[in-house]
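Descriptive structure summary
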Amino acid sequence: MNLTHPYLDEHGDKLREECGIFGVIGATDAAAVCALGLHALQHRGQEAVGITSFDGAEFFTRRGLGHVADNFSSGESIAELPGMMAGGHVRYSTTGGAGLRNVQPLYADLASGGFAVAHNGNISNAGHLKRDLVQRGAIFQSTSDTEVIIHLVATSRFKSMLDKLVDALRLVEGAYSLIVMTPRGMAACRDPLGIRPLVMGKLGDAVVFASETVALDVVGAEFVRQVEPGEFVEVDFDGTIRSHKPFGDVQARPCIFEHVYFSRPDSVFNDRSVYESRKQIGVELAKEAPVEADLVVPVPDSGVPAAIGYSQQSGIPFELGIIRSHYVGRTFIQPSDGARHASVKRKHNANRKLVEGKRIVLIDDSIVRGTTSLKIVQIMRDAGAKEVHFRVASPPTGHGCYYGVDTPERSKLLAGRMDVAAMCDFIQADSLAFVSINGLYRAVGHEARNANRPQYCDACFTGDYPTRLTDLAERHHDDTQLPLQVDKVA
């Protein structure tokens, strides 16, 4: 399994959600609706996009590298995808995993008919399952963990497609939100813990599924509800909706980082406004880590809501002391540290006349490696800031994620090898503070984190993983073993 981290931003220092999914059934222009919905989810995956449609007789697929607009902006591209049902996917690619063969939705002709699947998440025992399937004669066409699901469905002995899918997913560890298309209709489901998000809406008589509510807003659909953790929602072509909960009642543990960074601020996640959650994190930060300063400055764009909350709580004025260029091209792997550091300055520039001689509170959503934080602090100092105090709108990210967000190994995470005082020295700030784990939970509507029954998946902060991590355990047990490559495409 690939342990590089191209899901980080171009500086290697910002976590990235791997994928977004969207599906619609019952719309006369299903592919066009799907393309528009995926455009709203572009922030969840900017390396590749795919759409599969069904016209009642055949499945049609179009995939491409790049943004949604690069591949689905013309009438001709949409015309290649006829039918009243369509599902799509945006993704970030992995090193060695880029290319059209891994772009979803993945499609297969099974004995029961066509089967297309779009997947957000990560199967933490995909390598283990894949080795077993290959030994039994399975032939894989991609390096995506999603293809494991297709093979498990294909080899299930159950008769109905729902039973085959449930049978397959009982063997799967980790996180998944799925949109599945068959000749009989569309199904959407989440893993029993609901780690990755999925919501349902209505667009006239059509039913829509999406990773975030903002995609429903953009296509003009009405939000109905979230797909519940462990729920399978089936939608037939006549509009009949059936709900199944084959895994029973399990306490949900959705990913808390959706509130911190992944979701768009205009989305609603777990029945809470993401924007309001981020502002409230800033409020908690100001209570927990006050400092005498002249200006509160966000690291754009993800630090803005928390900086507003910090400013309102502390009474320190909010100002745009850093201006971000939105026209810097994305380069995931920089050829050298010098080029990577230069790219920070191309993307962020100090508002010199504003910050000169001032005591600055910098607000960012997280620190991963710390390299970007170091450069941002230096940019402030070069612009004449008198003091630079760094405040982070999440607890220290000291552990890797195995549920759909690739992170560096712990030795590359700044919080994985340093305490806060050492991190402060590393980024050369006058002070450094993170919101506490209980402060984060208060910001998203809880009194505190329940240590015995955590309300969210927060493993990247606490190391408390809610599922088994079979592939990781097997890798640590036998480092000499050469595992079959499985890209965690989601």
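Residues numbered from 1 in each chain as written. Predicted model: local features only at pLDDT ≥ 70, side-chain atom pairs only at ≥ 80, totals over all residues. Heavy atoms only, no water.

1. Section: the nonpolar core
In summary, soluble globular proteins display a tendency toward joint burial of nonpolar side chains. Put simply, the test is: Think of a nonpolar core as a cluster: buried Ala, Val, Leu, Ile, Met, Phe, Trp, Tyr and Cys residues, connected wherever their side-chain atoms sit within 4.5 Å. Only protein chains enter the accessibility calculation, which uses a 1.4 Å probe; a residue whose area is less than 20% of its type maximum is buried, one above 50% is exposed, and one in between is partly exposed. Note on contacts: a residue pair qualifies if any of its non-hydrogen atoms lie within 4.5 Å across the two residues.
Formed by 43 residues in total, the largest nonpolar core has its most connected members in F257 and Y310. Other than its neighbours up to four places away in sequence, F257 contacts L15, F262, S366, T397, C460 and F461. In this structure, V117, I149, L162 and F247 belong to the second largest nonpolar core, which totals 30 residues.

2. Section: the confidence of the model for the chain
Predicted coordinates in areas of low pLDDT are best not read in detail. The condition is simple: A score between 0 and 100, pLDDT records how confident the predictor is in each residue.
When pLDDT is averaged along the chain, the result is 89; 88% of the residues meet or exceed 70. Taken together, the stretch residues 1-11 has pLDDT below 50 and engages in 62 contacts with residues farther than four places along the chain or on a different chain. Predicted confidence is poor over residues 329-340, with pLDDT under 50, and the contacts of this stretch with residues over four places away or in other chains come to 20 contacts.

3. Concerning helix α4 (residues 126-135)
Definition in use: Only DSSP runs of H or I covering at least 4 residues are called helices, and only runs of E covering at least 2 are called strands; the numbering of each starts at the N terminus.
Regarding α4, the residues found buried are A126, G127, L129, K130, R131 and L133. Positioned one or two residues after α4, G137 has a phi angle of 105°, which is positive.

4. Describing the side chain of S53
Convention followed: Pairs of N or O atoms are called polar contacts if they sit within 3.5 Å, as long as, within protein, a hydrogen donor faces a hydrogen acceptor (for residues adjacent in sequence, only side-chain-to-side-chain pairs).
In this fold, S53 is placed in strand β2 (residues 48-54). Polar contacts involving the side chain of S53 include one to the main-chain carbonyl oxygen of P82, which spans 2.8 Å. When neighbours within four sequence positions are excluded, S53 is seen to be in contact with E58, F59, F60, L81, P82, M85 and A86.

5. A word on the sheet that holds strand β19 (residues 359-364)
Formally: Between any two strands, pairing holds if DSSP finds at least two bridges. To obtain an axis, a line is fitted to C-alpha atoms, over the contacting stretch when the element is a helix, and the angle between two such axes runs from 0 to 180 degrees between their N-to-C directions.
Reading across from one edge, β16-β19-β20-β21 is the order of the four strands in this open sheet, with parallel pairing throughout. Edge positions in the open sheet fall to β16 (295-298) and β21 (431-434), since each of these has one partner strand only. Direction aside, the axes of adjacent strands within the sheet are offset by 20° on average. Pairing analysis gives four bridges linking strand β20 (residues 387-392) to β21, with the strands arranged parallel. Residue pairing for β21: V392 is matched across the bridge by F434. Contacts from helix α10 (residues 304-314) reach β16, β19 and β20 within the one sheet, and its direction differs from that of β16 by about 165°.

6. Some details on the sheet that holds strand β1 (residues 19-25)
Each strand in a sheet pairs with its neighbour through backbone hydrogen bonds, running either in the same direction (parallel) or in the opposite one (antiparallel). The antiparallel open sheet is built from seven strands, whose spatial order is β3-β2-β4-β1-β10-β9-β11. The open sheet has two edge strands, β3 (59-65) and β11 (222-226), and neither has a second partner. Averaged over all adjacent pairs, the angle separating strand axes in this sheet is 15°, with direction ignored. Note that β2 and strand β4 (residues 85-91) share seven bridges and pair antiparallel. Residue pairing across strands places S53 opposite A86, the latter belonging to β4. Seen against the sheet, helix α1 (residues 30-40) touches β1, β2, β4 and β9 (199-203) and runs at an angle of roughly 25° to β4.

7. Side note on the pairing of β19
Basically, it comes down to this: Throughout, right-handed denotes a crossover for which the path from the first strand over the helix to the second runs clockwise when the strands point away from the viewer.
Judged by how many residues are buried, β19 sits mostly within the fold: five of six residues are covered. In this structure, β16 lies alongside β19, joined through four bridges in parallel fashion. Opposite P298, over in β19, you have I363 as the bridge partner. Here six bridges tie β19 to β20, and the two strands are oriented parallel to one another. From the neighbouring strand, V361 faces β20, where its bridge partner is H389. Note on the crossover from β19 through helix α13 (residues 371-382) to β20: the handedness is right-handed.

8. A few points about the pattern of salt bridges
In plain terms, the rule: Just to be clear on terms, a salt bridge is a Lys or Arg side-chain nitrogen sitting within 4 Å of an Asp or Glu carboxyl oxygen.
Overall, the coordinates contain 19 salt bridges when judged by the stated rule. Linking R264 and D266 is a salt bridge whose minimum nitrogen-to-oxygen distance equals 2.6 Å. Across the salt bridge formed by R381 and D430, the nearest N and O atoms sit 3.0 Å from each other. Of this pair, R381 sits in helix α13 while D430 sits in the loop between α15 (420-427) and β21, and the two are 49 residues apart along the sequence. It is possible to trace a salt-bridge network through shared partners that takes in R44, R196, E212 and E258.

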